[in-house]
Amino acid sequence: MTEKLFKGLDALRLSRRAGLAAILASAVAVFGWTATATPSFAADKTIKVGIMSGEDEDVWRAVAAEAAKKGLKVETVVFNDYTQPNEALERGEVDANAFQHKPYLDNQIKQHGYHIVIAGYTGIWPIGLYTKKYKTVAELPKGAAIGVPNDPSNEGRALLVLQHEGVIKLKDGTGILATTADIAENPKNVEIKELDAGILGRSIDDLDAAVVNTDWALKSGLTPKERIAQEQIDGNPYRNFIAVKQSDENAPWVKTLVAAYQNDIVKAEFDKVYKGTGQSAY
């Protein structure tokens, strides 16, 4: 009787072990599938992206919608001053920003020691020479007052446009960070006025002409018909991009964010918003 009882208990133990093994195998299979399907970034994480106010807000609404499809929540933080988004990114107040080109970032890193890198390109806005008084560059009079942005990277960019149009000539070897001190020849003795990029377009009535960034030109109500010159596109170093902190460069959410921008749906919104004044650049 006792022997039969022990045999029965052994059989029961074996049965229970087999059942537990089956359950464990099933759980491994389930959790293995779940780990593969779950995004490698936290599902409840919200990525804050610093952008400039205006048309880009519409573009980034489309980006946020595309990111949501990929399981990434994107919240935009809007700025009105070019100097703020990189500082906010460095401090961790935003996770990424999208408003600048490489010459600008290089100068910011040189000045402030930021640890910021390029994650993926977005678009390019060719800088242009605008005027409400003249039809061509040749009509600009002697002593004309011409406005240019006063930040280092965009001032050099503007001066290169003026050089290309024959208004001035820069010293040999001058690069993209040219300043008024690099002007070697000024045949019309034009007066270069250095102004904040954000007010250049609104100051056009007080100037003979101004080299204005396209986004600020749009905000100021300037149109392509008032643009008498434009920088060349080929080999242009001024493509804008999404930037992140160096420590986040390889974070899984970064690739998802870039993919949420670089697609046909966002490109269509980009083209609609910028009306051909900007071009996708990826």
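Here, every reference points to the structure presented above.
Residues numbered from 1 in each chain as written. Predicted model: local features only at pLDDT ≥ 70, side-chain atom pairs only at ≥ 80, totals over all residues. Heavy atoms only, no water.

## Side note on the overall build of the protein chain
Point 1. Helices and strands together make up the secondary structure of the protein chain, namely 9 helices and 14 strands.
Point 2. Across the 282 residues in the protein chain, those meeting the buried criterion constitute 43%.
Point 3. In the protein chain, of all internal contacts separated by at least 6 residues, the share reaching a separation of at least 24 is 74%.
Point 4. Looking at the protein chain as shown, the accessible area adds up to about 14,800 Å², and 53% of this sits on carbon and sulfur atoms. (Helix = DSSP H or I, 4+ residues; strand = E, 2+ residues; numbered from the N terminus. Buried < 20%, exposed > 50% of the residue type's maximum accessible area, 1.4 Å probe, protein only. Contact = heavy atoms within 4.5 Å. Areas by Shrake-Rupley, 256 points an atom, 1.4 Å probe, with all protein chains shown as cover.)

## What about helix α4 (residues 102–112)?
Point 1. Taken together, the buried positions of α4 are Pro 103, Tyr 104, Leu 105, Asn 107 and Gln 108.
Point 2. Positive phi appears at Gly 113, one or two residues downstream of α4, with a value of about 70 degrees.

## Here we look at empty space enclosed by the protein
Point 1. Counted by the stated rule, this structure contains 2 cavities of 30 Å³ or more.
Point 2. Along the wall of the largest cavity there are 22 residues; nearest its centre are Tyr 82, Phe 99, Trp 125, Asp 215 and Asn 240.
Point 3. Put simply, the parts of the chain that give the lining of the largest cavity at least two residues each are α2 (55–69), β3 (96–101), α5 (152–164) and α7 (214–219).
Point 4. Among the elements that make up the lining of the largest cavity, the one with the highest residue count is β3 (4 residues).
Point 5. Tallied by class, the residues present in the lining of the largest cavity amount to 10 nonpolar, 8 polar and 4 charged.
Point 6. The two domains that each donate at least three residues to the lining of the largest cavity are domain 1 (47–126 + 237–280) and domain 2 (128–230).
Point 7. There is about 30 Å³ of room inside the second largest cavity. (1 Å grid on protein atoms, 1.4 Å probe; cavity = no way out; pocket = protein on both sides within 12 Å on 5 of 7 lines; lining within 4 Å. Points joined across faces, edges and corners; volume = space filled by probe spheres on them. Nonpolar A, V, L, I, M, F, W, Y, C, P; charged D, E, K, R; others polar. Domains from an automatic or database assignment.)

## So, the sheet that holds strand β1 (residues 46–52)
Point 1. With mixed pairing, 5 strands are arranged side by side in an open sheet as β2-β1-β3-β13-β4. The open sheet is flanked by β2 (73–79) and β4 (116–121), the only strands paired with a single partner. Geometrically, the sheet is characterised by an average inter-axis angle of 35 degrees between neighbouring strands, direction not taken into account.
Point 2. In terms of strand pairing, β1 meets β2 through 7 bridges, oriented parallel. Counted as the bridge partner of Lys 48 is Glu 75 from β2.
Point 3. Along the sheet, α4 contacts β3, β4 and β13 (240–245); its crossing angle with β3, the most-contacted strand, is approximately 110 degrees. (Pairing = 2+ DSSP bridges. Axes fitted to C-alpha atoms, helices over the stretch in contact; angles between N-to-C directions.)

## Regarding the packing of aromatic side chains
Point 1. Considering all chains together, one arrives at 10 aromatic pairs under this definition.
Point 2. On the numbers, 6.1 Å between centres and 90 degrees between planes, the contact of Tyr 121 with Phe 241 is edge-to-face. Of this pair, Tyr 121 sits in strand β4 while Phe 241 sits in strand β13, placing them 120 residues apart in sequence.
Point 3. What makes Phe 241 buried here is its relative accessible area of 0%.
Point 4. Site record: aromatic cluster; members linked through ring pairs are Tyr 82, Phe 99, Tyr 104 and Trp 216.
Point 5. Stacked on the ring of Tyr 238, the Lys or Arg Arg 157 has its end atom at 4.2 Å from the ring centre. (Phe/Tyr/Trp six-rings, centres within 6.5 Å; stacked < 30°, edge-to-face > 60°. Lys NZ or Arg CZ within 6 Å of the ring centre and 35° of its normal.)

## Remarks on the packing of α2 against helix α9 (residues 264–274)
Point 1. At their nearest, the axes of α2 and α9 sit 9 Å apart, and the two run at 170 degrees to each other. The pairing of α2 with α9 is recorded here as roughly antiparallel in orientation. Contacts between α2 and α9 pair Glu 55, Asp 56, Asp 58, Val 59, Ala 62, Val 63, Glu 66 and Lys 69 from the former with Ile 265, Val 266, Glu 269, Phe 270, Val 273 and Tyr 274 from the latter.
Point 2. Among the residues making up the contact of α2 with α9, the classes are represented as 8 nonpolar, no polar and 6 charged. (Parallel < 35°, antiparallel > 145°, perpendicular 65-115°, else oblique.)

## A short note on the pairing of β3
Point 1. Most of β3 sits inside the fold, with 6 of its 6 residues counted as buried.
Point 2. Relative to β3, β1 runs parallel, the two being bridged by 2 bridges. When the bridges of β3 are listed, Val 49 appears paired with Ala 96.
Point 3. Of the pairings in the sheet, the one linking β3 to β13 comprises 5 bridges and is antiparallel in character. Across the sheet, residue Ala 98 finds its bridge partner in β13, namely Ile 242.

## Comments concerning α9
Point 1. Of all the residues in α9, the buried ones are Val 266, Phe 270, Val 273 and Tyr 274. The arc enclosing the buried residues of α9, seen along the axis, measures out at 80 degrees, which places them on a common side. Turned more than 90 degrees from where α9 packs its buried face, Asp 264 and Lys 272 sit exposed.
Point 2. Those residues of α9 that are buried lie in contact with α2, β5 (123–124), α7, α8 (252–261) and β14 (279–280).
Point 3. You can read the cap of α9 off the contacts: a side-chain oxygen lies 3.2 Å from the backbone nitrogen of Ile 265, and it is on Asn 263.
Point 4. At the C-terminal side of α9, Lys 275 shows a positive phi close to 50 degrees. (Arc of directions from axis to C-beta. Polar contact = N/O pair within 3.5 Å; in protein donor to acceptor, adjacent residues only side chain to side chain.)

So yeah, pure geometry; function would need other evidence.
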